[in-house]
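Descriptive structure summary
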Amino acid sequence: PAAGARLNQLKKKLTDLIEAKAESLKGRIEPEASFDYTLPGRRSFVGRRHPLMQTVERIVHIFRGMGFAIATGPDIETDFYNFDALNTPENHPARDLSDTFYVEKGILLRTHTSTVQVRTMQAQKPPVRIISPGRCYRSDTPDASHSPVFFQCEGLYVDRNVTFGDMKGVIIAFAKEMFGPDVKVRFRPHFFPFTEPSVEYDFSCMLCGSKGCRVCKYNGWLEISGAGMVDPEVFMAVGYDPEEYTGYAFGMGVDRITMLRYRIGDIRLLYDNDVRFLRQF
Ligand code: DAH
């Protein structure tokens, strides 16, 4: 009650001041003379989220709904998190697959968000169910589908009795939430050092209804990323018992999903940050 009384006093004081000011201004404004209300208005531009961030938000929303938490890791990483702990030791041929930006020996700009799998598993015991969206870097020459900076979203689920079927189910459920019930998902056998078995997966091209267009390079499918069952070597690197736990992991190309969502034919548009482009989203 004491605070209420003081607030009321304050309110009265302010109201009196405003009224006094209004009184003193009376007669000093000549609306007709000073304001031309036929002038066109000035448009004010409202900022909005970058299309990539809008896609990240959507991805996060969908996976949150399936019980995944968000995990993060640094862009500047060590060899250990980017390669060694992911079963990719020095001289492993998979290191040649990604052209890495090195800051100095042993320190690099992460080439994928798979680093966050390792950091998360080191920090907590199973069950683990996370996704991790973020920037990645590779010294690729920019073209319509390559950018030296790009976004991925990693996923990881570790518990007892997690199966390959669970992984397929989650990716298919995600695709349908993102692109509607008609999207098809295709899994192809592949190799990644940190998963066994591994797949690459594609979404049917929603731009042309799989008939073939410029964006899907006339084959009706768009490659999204890779996935698989976490390799026992990775579990060993983080101190999990591979006899007790199994898990799946997947990557996700956020740029590709954004291009598919908004019918963008060139990844470079996402990084030029020309407001004439950004304003459309
Ligand atoms: N890190 C891989 C890449 O950058 C994508 C990937 C493949 C992530 C398989 C995964 C996975 O988690 O299980 O191309």
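Structure: above.
Residues numbered from 1 in each chain as written. Predicted model: local features only at pLDDT ≥ 70, side-chain atom pairs only at ≥ 80, totals over all residues. Heavy atoms only, no water.

A look at the site of the ligand
To keep things clear, this is the line we draw: When we say a residue is near a molecule or strand, we mean one of its heavy atoms is within 4 Å of it. Pairs of N or O atoms are called polar contacts if they sit within 3.5 Å, as long as, within protein, a hydrogen donor faces a hydrogen acceptor (for residues adjacent in sequence, only side-chain-to-side-chain pairs). Working definition of accessibility: Shrake-Rupley area with a 1.4 Å probe, residue cover restricted to the visible protein chains. Helix numbering and strand numbering both begin at the N terminus, where a helix is a DSSP run of H or I of at least 4 residues and a strand a DSSP run of E of at least 2.
Taken together, 16 residues form the shell around the ligand, and within it H112, S114, R138, Q152 and E154 come nearest. Q117 is positioned with one of its side-chain polar atoms (N or O) 3.1 Å from an oxygen atom of the ligand. Between the ligand and the protein, one listed contact pairs an oxygen atom with a side-chain N or O atom of E154 at 2.6 Å. Coverage of the ligand by the protein amounts to 92% of the 360 Å² it exposes when considered alone. The set of elements that each furnish at least two residues to the shell around the ligand consists of β6 (149–159), β9 (221–230) and β10 (246–250). Ranked by residue count, the leading element in the shell around the ligand is β9, at 4 residues.

Quick look at the sheet that holds strand β1 (residues 69–70)
This is how the line gets drawn: Whether two strands pair depends on DSSP finding at least two bridges between them.
Spatially, 7 strands are ordered β1-β5-β6-β10-β9-β8-β7 in an open sheet, and the strand pairing comes out mixed. The open sheet has two edge strands with one neighbour each: β1 and β7 (185–192).

Focus: unusual backbone geometry
We apply this condition: Burial classes: relative accessible area under 20% of the type maximum marks a residue as buried, over 50% as exposed, and values in between as partly exposed (1.4 Å probe, protein chains only).
The omega torsion across P126 and P127 is 0°, close enough to zero to call that bond cis. Here the bond from E196 into P197 is cis, since omega is -5°, no more than 30 degrees from zero. When you line up the elements, P197 lands in strand β8 (residues 195–204). Not every positive phi belongs to a glycine, and N87 is a case in point at roughly 60°. Relative to the elements of secondary structure, N87 occurs in the loop between α4 (79–82) and α5 (94–97). Residue class for N87 comes out partly exposed when judged on its relative accessible area of 23%. With a phi angle near 60°, Y218 is a residue other than glycine that sits in the positive phi range. Mapped onto the elements of the fold, Y218 is located in the loop between β8 and β9.

Focus on the state of the cysteines
Worth spelling out the cut-off: When two cysteine sulfur atoms lie within 2.5 Å, the pair is treated as a disulfide.
Evaluated as defined, the whole model comprises 0 disulfides. In this structure C136 is a free cysteine whose sulfur lies 10.0 Å from that of C153, the closest cysteine sulfur available. A relative accessible area of 0% places C136 in the buried class. Residue C205 stays outside any disulfide, its sulfur separated by 3.7 Å from that of C208, the closest cysteine. For C205, a relative accessible area of 0% puts it in the buried group.

Things to note about the pairing of β7
As paired elements, β7 and β8 share 7 bridges and run antiparallel to each other. Counterpart to H190 in the pairing with β8 is S198. Hairpin geometry of β7 and β8 is characterised by an intervening segment of 2 residues between the two adjacent antiparallel strands.

A closer look at the environment of R135
Put simply, the test is: In what follows, a contact means two residues having at least one pair of non-hydrogen atoms within 4.5 Å.
Relative to the helices and strands, R135 is located in strand β5 (residues 128–137). On the basis of relative accessible area, R135 is assigned to the partly exposed category, the value being 40%. With 65 residues separating them in the primary sequence, R135 and I70 have C-alpha atoms 15 Å apart. Among all residues touching R135, those that are not within four sequence positions of it are D75, R110, V149, F150 and F151.

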